[in-house]
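Chain by chain, the residues run as shown.
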Amino acid sequence: MSESWEQRARREAREMEAAIRSALARRQSDLELRTELEALAQRPRFRSFPWLWGPALHVRDRVLFRPLILSWLAPVNVTASGKLFDPWKSEYAAALETWLSDADRADDVAVFRKLYGWKLQGLGKKQEEVWHEDVVRRFRGAKTRSARHLELSKVEQLHLRLDEETALALDTVDPEAARPFIRQHLPFPANTWSRPKKPMEMWSTYRERLFARGDTEQAWTVYRRLVSEEAWRQDALALTRSIQEPEALVRALDEHHPEFAPTAAADVFVELVERRGRDVVPYVLEHLRSVFPRWAGPRGKNAKALPELLELCRVRGWEDVWGAALRTSATEETFDTEVRKLVKDADRDEQVARRRLLQVAGAGAEWNLPGLGFARVLPLTDATAVAMYERFPELVHGPFRMHVSSGWRAAYPELVARALEQRDEELLDFIASRAATQPVPEHGANKRQKEWTRVLEALASHYEELPKEGGVFARRAANALGAVPAFSIWDFDSLLSRNRLARLFFQRSDDFYLADPLAVRDLLEAPQIHVQALAFRLLGRDSERARAVARLNLDLLQASLLRPLHRRTRLAAFGALANAALHDAATARTLLPRMREAFALPDKRYPKEALVELLAKVLMRWPELRGPSEVPRVFSASTKEATS
């Protein structure tokens, strides 16, 4: 009988505790101990025992073991029996306190901050109160500005917030040194997209002090973080009465706009527009993203007063504000309804309808993180997409293409049927590029999933019936795969098993792609890595055709030696490189320096053994390209030994 997860956790904790104690008790050098602990750190539960290995390593050599400590110190601790506990309230507290004091005296900011945060965590609801006291005490005790900066760095805890009393105490000692720390730790709601039931108190005394010494930037930063919705509304409306110059009014409104997204932003925008008209449009456009649906999805509700804002802009002829508000802040249902009206209005004035449609097309919002980004695009319904396709096909091909991206959540069976009737290759290839990235739901019982299945089957049948001669299929399939967005395929194996179109593109058409070198090059230049891997696999086949096409794409293939790739993809790329290098000596001469450079890459997962094999194949085929160290030497016995 297999052990449960609780039994496994207890066993792992027991084994790790015994292994750490054994390593610490064994007589060995510090370097040997660090090597052994680094090996233990790769096993489960090592992070759970910093109370055991941390103080011991600090006493032995705090410099040598510092990287290990910083990498594996975690505040979640267990005993040898696997139970959670707080070591700062146990028999190990004295050793931990000594460690904390030593790090403080040595001004080791990184280690002290980790230990200090670890200790605070065990205080529960009192940790913020204790932290406030420590911050003020340390800041007051420092004699110089550099020492104050150092003390604030030590007690830095990003998740904790200051109160006004603590901020005033810091500001009294040294306003300049305290300024960035106070700004970093201003209070904020747990959810920045919605306000708490009880508004936060404004730091009026601190703001008055800031205004008195001319630090308006910090004062308005505090205001934007702490202001309540009602106070902001009253202040914004007061500005419309007190400031007559439009540019100054916009600057003042920007200065007052809250950091959080006010739930009543659309209400305030409507009141501002009614009072000052076009004067406040730059401000409204800048902050339209403060207005958003109350919850996502087609059944979501528009933000309060958004319909009034849209109607107000429509009556006044402010197409720029109307279009931006509709694209940015409306629900899917509202967006689709407005687009459908515009398509129908084209019977009266086609030029105006086209202009307004262009104003609402595109992404409504973006959220960007390092290496990752999201865009909000409101989809059209199938009926609206068909109506637009019949009246404005060029818009469906262009700016509205992103609004008809087919998938299991928004299928377009009628639009695909019309495109098939019209033999619209451009639109079909785009829709196929999205359809080939999503698996068919296993339990497709509802109407939307059935429509999505219909779309997939229709597209797969269409591409299967394309002529294979003359590269027709290869060109169309490569067009579709070349438009697949990067990072849009997450489970490739599941996709192949549950998507007929994906199987056709990725598994069943290898021979047809090689018939068209331009199609293969399109695959190599695709942003999606699985499409590139398909091209590597094609060019690595054991055929003269594959070798010839690989030679034509040498400029793209050689980059695969040095760019980051998963092991399986790189091995496929090595096959394509081997075919290119074996085609002729000139190609091999170009690739060999890149192969030799790749041996110096620091990536530990790089398949160097496969690279050696690749290099050996090339040098065996073209021996004249061998370097001095690559020429094989055969040693024989001496003459005296041979005759004896």
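Up top is the structure.
What you see is a predicted model; the values in this text were computed from it and never measured. (Residues numbered from 1 in each chain as written. Predicted model: local features only at pLDDT ≥ 70, side-chain atom pairs only at ≥ 80, totals over all residues. Heavy atoms only, no water.)

Draft legend 1. Fine view of the overall build of the protein. Broken down by element type, the protein carries 37 helices and 2 strands. In summary, the protein has a C-alpha radius of gyration of 33 Å against a globular reference of 26 Å for 644 residues, an excess of more than 25%. Oriented by its inertia axes, the alpha-carbon framework of the protein measures out at about 100 × 90 × 55 Å. Sequence-distant contacts in the protein: of pairs separated by 6 or more residues, those separated by 24 or more amount to 70%. Entry remark: accessible area of the protein is about 33400 Å², with carbon and sulfur atoms responsible for 53%. (Helix = DSSP H or I, 4+ residues; strand = E, 2+ residues; numbered from the N terminus. Rg over C-alpha atoms; globule rule 2.2 N^0.38 Å. Contact = heavy atoms within 4.5 Å. Areas by Shrake-Rupley, 256 points an atom, 1.4 Å probe, with all protein chains shown as cover.)

Draft legend 2. Up close: the pattern of salt bridges. All told, the structure shown has 55 salt bridges when counted by the stated rule. For Lys119, the salt bridge is made with Glu97, and the minimal N-O distance between the two is 2.9 Å. Within this pair, whereas Lys119 is found in helix α6 (residues 109-121), its partner Glu97 is found in helix α5 (residues 93-105), the two being separated by 22 residues in sequence. A salt bridge links Lys154 to Asp107; its shortest N-O distance comes to 2.8 Å. With Lys154 in helix α8 (residues 145-154) and Asp107 in the loop between α5 and α6, this pair connects stretches of sequence that are 47 residues apart. (Salt bridge = Lys/Arg side-chain N within 4 Å of Asp/Glu carboxyl O.)

Draft legend 3. Structural context of the packing of helix α23 (residues 413-422) against helix α24 (residues 425-435). Close contact between α23 and α24 brings their axes to 9 Å; oriented N to C, the two are set at 140°. It follows from the interaxial angle that α23 and α24 lie oblique. Considering the relative orientation of α23 and α24, their crossing is left-handed. Along its contact with α23, which presents Leu415, Val416, Ala419 and Leu420, the element α24 presents Leu427, Leu428 and Ile431. Across the contact of α23 with α24, the residue classes break down as 7 nonpolar, no polar and no charged. (Axes fitted to C-alpha atoms, helices over the stretch in contact; angles between N-to-C directions. Parallel < 35°, antiparallel > 145°, perpendicular 65-115°, else oblique. Left-handed = near helix turned anticlockwise from the far one by under 90°. Nonpolar A, V, L, I, M, F, W, Y, C, P; charged D, E, K, R; others polar.)

Draft legend 4. Summary view of the nonpolar core. Counting 137 residues, the largest nonpolar core has Leu501 and Phe505 as its most contacted members. Those residues within four positions of Leu501 in sequence are excluded, and the remaining contacts are Ala432, Ala435, Ala436, Leu456, Leu459, Ala460 and Tyr463. (Core = buried A, V, L, I, M, F, W, Y, C linked by side-chain atoms within 4.5 Å. Buried < 20%, exposed > 50% of the residue type's maximum accessible area, 1.4 Å probe, protein only.)

Draft legend 5. Fine view of the packing of aromatic side chains. Per the stated rule, a full pass over the model turns up 17 aromatic pairs. Here the aromatic rings of Phe46 and Trp53 are separated by 5.0 Å at their centres, their planes lie at 5°, and the arrangement is stacked. Assigned by exposure class, Phe46 and Trp53 land together as buried. Consider the rings of Phe112 and Tyr116, whose centres lie 5.7 Å apart with planes at 10°: the pair is stacked. On the criterion of helical spacing, the pair formed by Phe112 and Tyr116 is a turn pair, its members being 4 residues apart in helix α6. The exposure class of Tyr116 is buried, given its relative accessible area of 5%. These aromatic residues form a ring-pair network of at least three members: Phe49, Trp51, Phe85 and Tyr92. In this structure, Lys468 packs its charged tip against the face of Phe473, placed 5.3 Å from the ring centre. (Phe/Tyr/Trp six-rings, centres within 6.5 Å; stacked < 30°, edge-to-face > 60°. Lys NZ or Arg CZ within 6 Å of the ring centre and 35° of its normal.)

Draft legend 6. View of helix α2 (residues 30-40). Listing the buried residues of α2 in full gives Leu33, Leu37 and Leu40. Viewed end-on, α2 has its buried residues packed into an arc of 50°, placing them on one side of the element. Along α2, the residues that are exposed and aim more than 90 degrees away from the buried face are Leu31 and Thr35. If you follow the buried residues of α2, they end up packed against α1 (5-25), α3 (50-61) and α4 (66-72). (Arc of directions from axis to C-beta.)

Draft legend 7. Just the pairing of strand β1 (residues 365-369), in detail. Pairing of β1 with strand β2 (residues 372-376) involves 5 bridges; the strand directions are antiparallel. From the neighbouring strand, Ala365 faces β2, where its bridge partner is Arg376. Here β1 hands over to β2 after 2 residues, with Gly371 in that stretch at a positive phi of 80°. (Pairing = 2+ DSSP bridges.)

Draft legend 8. Molecular detail of the side chain of His462. Of note, His462 is situated in helix α25 (residues 447-464). With a relative accessible area of 18%, His462 lands in the buried category. Excluding its chain neighbours within four sequence positions, the residues that come into contact with His462 are Leu420, Leu428 and Arg476.

The quantities given are spatial measurements derived from coordinates; they are silent on function.
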